[in-house]
Structure formats: structure tokens, C-alpha cells
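Understanding the architecture of this molecule
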Amino acid sequence: MAVHGAAALSLRAVARDLGVVSSAVYRYVENREELLTLLLIDAYNELADEVDAAVAAAPAADFCGQFGALGAAVRSWALREPARYGLLFGSPVPGYQAPAERTTGPGTRVVYALMAVLDGAYRAGGLVAPGGQGAVLSGLAADLQRIRSEMGLAVPDTLLARGALVWSALFGTISFEVFGQYGEGTFAAPDELFALHLAALAELAGLAGAAPQPDLPAGPQAAAPGNSR
């Protein structure tokens, strides 16, 4: 999968690499779709386990620290496991539909962890939308109420909507780095760039005490970003 991509994964190739006849693999998985499902579940759970451990290691009342630990854990795993990250968050595998009843639980563990951090901060008085509360239209309000009920959250509409943006933006900035979408050589200090992005996302979420973004040193502008995919 790392060499050829998830779309090219085949049981015959797996059997060949294992040095067994292809029929032997079918003792363990029914077909390629079953193998992909098992790989998805395994990757989702491994990522979430690392996120949970990182968040738990931060002080209980330090919600900014928990958020930073969560973001750093996702990025660290993604950079270490780019092929598996691509399976989870890259292009869909043509013809494959993940079974929701088996993958939704593992696949939502990280966002549940993120919302637990934001909800904990809100309940402790440490989550406030910069600029105050904005109006949320009735259609979106119904969606947010359903999410709030399903996840047992107290976060109000505006902050919950911001949380959704933070979630998508966090994975977006990590995906740009993993998939080389900034363009080769655009950023020579990716750790510093990610730290700035993480601080900005904490502020966007409304986390009180979020670290301000430091001023960037004066210097030549980075090369225009490109897409290496």
C-alpha cells in the first residue's frame, strides 16, 4: 500500500509478498474490501490511541495544552505513517465503500477527543468566541443541536461551528504537509509553520490563554506554493 497506494492493493500481491498461495489469504479475509476495512479500523484506532495518550499527558485544567498535544500527536502519526494517513484522509479507493457500522466508531475517536477538550474548556469558562457570538441560521442550528446531543456537549452553536472549522483546518494543514501540497522547498521550517497554525486554530476555537502567534522575522518571501501531487 505504501509503494503503490491503497487503490492498487490486492490479495494476490499480499500473498506473493508473504510467500504463500493466494487461497491462503482467504482464510483470514473474505476479499480486498475486508482487508481495507481492517486496515482502516487498525489505523483509526492507532491514531486515536496516540491522541488520547497525548491529551491525557497534559494537565487536566490546561485545555490549550491539551489542544496542542492533540494536534501534535495527529501530525506526528501522519508524518510517520503517510500511507496509512492517506488511506484514512486521502483520495477514496475507487469501488470501495467503508462499512459505517464498523468504521464510524474508530473513525470519530479523534474528533470526539477534540470536542471533549473544547467542551471541557467551555464548561470551565475557558472557551469564548473572539468578537462575541454570531447568529446561526435554523438549518445549521438543527445540525449543531443533533451533534451536541449525540456527543453530550454543552458548547453553544457558534463555538461548536468554530470547532468544526478547527477540526477540518487541523487535518487540512496536516494533509498539505503529508501530501506535499505546499510545493517542494516552499517551507524549510515546517515545525515552526505548524506551531503557528496550531496557535491560530486555538485562538479560532476560542481557547482562553491561547498562545499568540509570534512575529515572523523579516526576510525574503517564501516561494509560491505549488501542488506536487
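Let me begin by describing the structure that accompanies this report. Please read these numbers as outputs of a predicted model, since none were measured by experiment. Sequence order as written defines the numbering, with residues in each chain counted from 1. Local features in a predicted model are, by the rule used here, given only for residues with pLDDT of at least 70; side-chain atom pairs are given and counted only at 80 or more, and totals for whole chains, interfaces and linings are based on all residues. To get the side-chain values, take all heavy atoms of the structure and skip hydrogens and water.

1. Some thoughts on helix α8 (residues 138-151)
Helical geometry: 3.6 residues make up each α-helical turn, so side chains three or four residues apart lie on a common side. Definition in use: Numbering of helices and strands runs from the N terminus, with a helix taken as a DSSP run of H or I at least four residues long and a strand as a DSSP run of E at least two residues long. An expected span of 1.5 Å times one less than the residue number is assigned to each helix. The buried label applies to any residue whose accessible area, calculated with a 1.4 Å probe on protein chains only, is under 20% of its type's maximum; exposed applies above 50%, and partly exposed to all values in between. Working note: the arc is built from the helix axis to C-beta atom directions. Note on contacts: a residue pair qualifies if any of its non-hydrogen atoms lie within 4.5 Å across the two residues.
With 14 residues, α8 extends 20 Å from end C-alpha to end C-alpha; this agrees with the ideal 20 Å at 1.5 Å per step. Restricting attention to buried positions, one finds in α8 the residues Leu 144, Arg 148 and Met 151. Buried residues in α8, looked at end-on, bunch into an arc of 80°, giving them a common side. Exposed residues lying more than 90 degrees from the buried face of α8 are Ser 138, Ser 149 and Glu 150. In the core, the buried residues of α8 are packed alongside α7 (109-123) and α9 (157-178). Positioned one or two residues after α8, Gly 152 has a phi angle of 65°, which is positive.

2. Re the packing of aromatic side chains
The geometry of an aromatic ring pair comes down to the distance between the two centres and the angle between the two planes. Test applied: Side-chain rings of Phe, Tyr and Trp, where Trp is taken by its six-membered ring, are said to pair if the distance between their centres is within 6.5 Å; with planes under 30 degrees apart they count as stacked, over 60 as edge-to-face, and otherwise as tilted.
Here the structure, examined in full by the defined rule, presents six aromatic pairs. Look at Tyr 182 and Phe 187: their rings are 5.1 Å apart centre to centre, the planes differ by 85°, and that puts the pair in the edge-to-face class. Judged by relative accessible area, Tyr 182 falls into the buried class, the value being 19%. Taking relative accessible area as the criterion, Phe 187 reaches 38% and is therefore assigned partly exposed. By the ring-pair criterion, three or more aromatic residues cluster together here, those being Tyr 44, Tyr 85, Phe 89, Phe 171 and Phe 179.

3. Let's talk about the pattern of salt bridges
Keep this limit in mind: Any carboxyl oxygen of Asp or Glu within 4 Å of a side-chain nitrogen of Lys or Arg constitutes a salt bridge here.
According to the stated counting rule, one finds 14 salt bridges in the structure shown. A salt bridge links Glu 177 to Arg 75, with the nearest nitrogen and oxygen atoms 2.8 Å apart. Separated by 102 residues along the polypeptide, Glu 177 in helix α9 and Arg 75 in helix α4 (residues 63-80) bring together distant segments of the chain. By relative accessible area, Arg 75 is classed as buried at 11%. In this structure, Asp 191 and Arg 75 form a salt bridge, with 2.8 Å as the shortest nitrogen-oxygen distance. Here the residue Asp 191 occupies a position in helix α10 (residues 190-205), and Arg 75 occupies one in helix α4, the gap between them amounting to 116 residues. On the basis of relative accessibility, which here comes to 53%, the residue Asp 191 falls in the exposed class. When salt bridges that share partners are traced, they join Asp 42, Glu 46, Glu 81 and Arg 84 into one network.

4. Observations regarding the nonpolar core
We apply this condition: What is meant by a nonpolar core is a set of buried Ala, Val, Leu, Ile, Met, Phe, Trp, Tyr and Cys residues, joined one to another through side-chain atoms within 4.5 Å.
Grouped together as the largest cluster of nonpolar side chains are 55 residues, with contacts concentrated most on Val 51, Phe 67, Leu 70, Val 74, Tyr 85, Ile 174 and Leu 207. Every element with two or more residues in this core is listed here: α1 (11-18), α3 (32-57), α4, α5 (82-89), α7, α8, α9 and α10. Take this core: its biggest share by element is nine residues, from α3. Not counting residues up to four positions away in its chain, the partners in contact with Leu 207 are Phe 63, Cys 64, Phe 67, Leu 118, Ala 121, Gly 126, Leu 127 and Ala 202.

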